[in-house]
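Next come the chains, spelled out residue by residue.
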Amino acid sequence: MYSFLTTENWADYELVDSGNFEKLERFGQYYVARPEPQAIWDKHLPEEEWQRMANAFFTRDKGSQDKGQWKLKKGMPEQWYINYQYNDLKLRFRLGLSSFKHVGLFPEQDSNWKFIYDKTRSLKTKTPKVLNMFAYTGAATLAAKAADADVTHLDSVKQVNFWARDNMEASGLDNVRWIVEDAMKYARREVKRGNTYNGIILDPPAYGRGPNGEKWQLENELNELIKLCHQMLDKTDFFLVINLYSLGFSALILDNLMRLTFGEQIKNEELGEIYLHDRGERKLPLGTFFRFSSEGR
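Residues numbered from 1 in each chain as written. Predicted model: local features only at pLDDT ≥ 70, side-chain atom pairs only at ≥ 80, totals over all residues. Heavy atoms only, no water.

Draft legend 1. Seen up close, helix H4 (residues 158-170). Between its first and last C-alpha, H4 extends 19 Å over 13 residues, near the 18 Å set by a 1.5 Å rise per residue. If you follow the buried residues of H4, they end up packed against strand E8 (89-96), helix H3 (139-146), strand E10 (150-155) and strand E11 (177-180). After H4 finishes, the residue Gly172 shows a positive phi value of roughly 75 degrees. (Helix = DSSP H or I, 4+ residues; strand = E, 2+ residues; numbered from the N terminus. Expected span 1.5 Å × (residues − 1). Contact = heavy atoms within 4.5 Å.)

Draft legend 2. Looking closely at the environment of Arg209. For Arg209, the location among the structural elements is in strand E13 (residues 207-209). For Arg209, a relative accessible area of 53% gives the class exposed. Aside from chain neighbours lying at most four places away, what touches Arg209 is Ser156, Glu214 and Lys215. At a separation of 3.2 Å, a polar atom in the side chain of Arg209 contacts the main-chain carbonyl oxygen of Gly213. (Buried < 20%, exposed > 50% of the residue type's maximum accessible area, 1.4 Å probe, protein only. Polar contact = N/O pair within 3.5 Å; in protein donor to acceptor, adjacent residues only side chain to side chain.)

Draft legend 3. Here's a closer look at the sheet that holds strand E9 (residues 129-133). Here we have eight strands laid out as an open sheet, ordered E1-E16-E17-E15-E12-E9-E10-E11, and mixed in their pairing. Only two strands of the sheet have a single neighbouring strand rather than two, namely strand E1 (2-6) and E11. When the angles between neighbouring strand axes are averaged without regard to direction, this sheet yields 20 degrees. As paired strands, E10 and E11 are joined by four bridges and run parallel to one another. Looking at the pairing, His153 lines up with Trp178 of E11. (Pairing = 2+ DSSP bridges. Axes fitted to C-alpha atoms, helices over the stretch in contact; angles between N-to-C directions.)

Draft legend 4. Quick peek at the side chain of Asp12. Along the chain, the position of Asp12 falls in the loop between E1 and strand E2 (13-19). One buried charged side chain, Asp12, makes no salt bridge at all; its nearest oppositely charged neighbour is Arg26, positioned 4.9 Å away. Reaching out from Asp12, the side chain makes a polar contact with the backbone nitrogen of Asn83 at a distance of 2.8 Å. In this view, Asp12 contacts Arg26, Phe27, Gly28, Ile82 and Asn83; residues no more than four positions away in its chain are not counted. (Lys, Arg positive; Asp, Glu negative; His and termini not counted. Salt bridge = Lys/Arg side-chain N within 4 Å of Asp/Glu carboxyl O.)

Draft legend 5. Expanded view of the nonpolar core. Core analysis: the largest hydrophobic core is formed by 47 residues, its most contacted members being Trp80, Phe93, Trp113 and Ile116. Those residues in contact with Trp80, other than ones at most four positions away along the chain, are Phe27, Tyr30, Val32, Phe93, Arg94, Leu95, Gly96 and Leu97. (Core = buried A, V, L, I, M, F, W, Y, C linked by side-chain atoms within 4.5 Å.)

Draft legend 6. Examining the packing of aromatic side chains more closely. As enumerated under the stated definition, the model contains 16 aromatic pairs in all. Pairing Trp10 with Tyr84 gives two aromatic rings, centres 4.9 Å apart and planes at 80 degrees, and the pair type is edge-to-face. Pair noted here: Trp10 is in the loop between E1 and E2 and Tyr84 is in strand E7 (residues 79-86), with a separation of 74 residues, a long-range link. Judged by centre distance (5.2 Å) and plane angle (70 degrees), the ring pair of Phe58 and Trp70 falls under edge-to-face. One end of the pair, Phe58, is in strand E5 (residues 56-60); the other, Trp70, is in strand E6 (residues 68-72), with twelve residues separating them in the sequence. The class for Trp70 is buried, based on a relative accessible area of 17%. Feature note: the residues Trp10, Tyr13, Phe27, Tyr84, Phe93 and Trp113 constitute an aromatic cluster, connected by ring pairs. (Phe/Tyr/Trp six-rings, centres within 6.5 Å; stacked < 30°, edge-to-face > 60°.)

Draft legend 7. Focus on the environment of Phe100. Within the secondary structure layout, Phe100 lies in the loop between E8 and helix H2 (110-122). For Phe100, a relative accessible area of 44% corresponds to the partly exposed category. Separated by 75 residues in the primary sequence, Phe100 and Asn175 have C-alpha atoms spaced 30 Å apart. Among all residues touching Phe100, those that are not within four sequence positions of it are Phe58, Asp66 and Lys67.

So, in structure tokens, the structure goes:
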């Protein structure tokens, strides 16, 4: 089934406007303006309104596609917290203004957090094992942990893992296994050990580096990684979710890779796109996804 998933009814987050390669978002009480390469249309709100509303503006350094500087209005903190709730799931996230335009959270992943929480709770295994690779600041990790999973959180950046630990503590959770490692190396090692997981979460970047300089390039590594995940995923009680944010990376690529690798194990599958909608009813695409599970909805 091809689906379009979006974030709705989140009191502490809103995509206010998008356009002219930028987006204006509200995180809690603060408004943040930053670059967005997919927003190629015109803005809904006038520029004067953006200037009035935004508490922080990101501008790229000259000659850089990613790195830049934040300009803060008076009273805008460099770090703050927001809350998230879905049914019985209650999380708290620390946000911060990074030099690469990110704030420590990808709010469009809300629909996948809900999926992870629901599917973890529906697993028959008493304490299911869940592996989150490329786990960033841990929102998906915490969704699984709040559902009583034994969670392994893996990211190649030590500082990001510290950030995820802060989010865990702020959310009143504990006992997550933190690993700073290259994802491919870890997956190969787990396959050799014969270790399996009931849930696997993947959100790989287009490009990246491991802790020892290992090179990750999505189109070159993804096929092998999915094959390794097939060997690590439990064959009877399971879920898997993969999300890709890479310009030009079609959902059909994911569909081919997953079906060729997992075959008849795929059940209750969803394929599609994740987006955010702004006040002007523009739909901002923010990734493709594929997810499936042993249990239906």
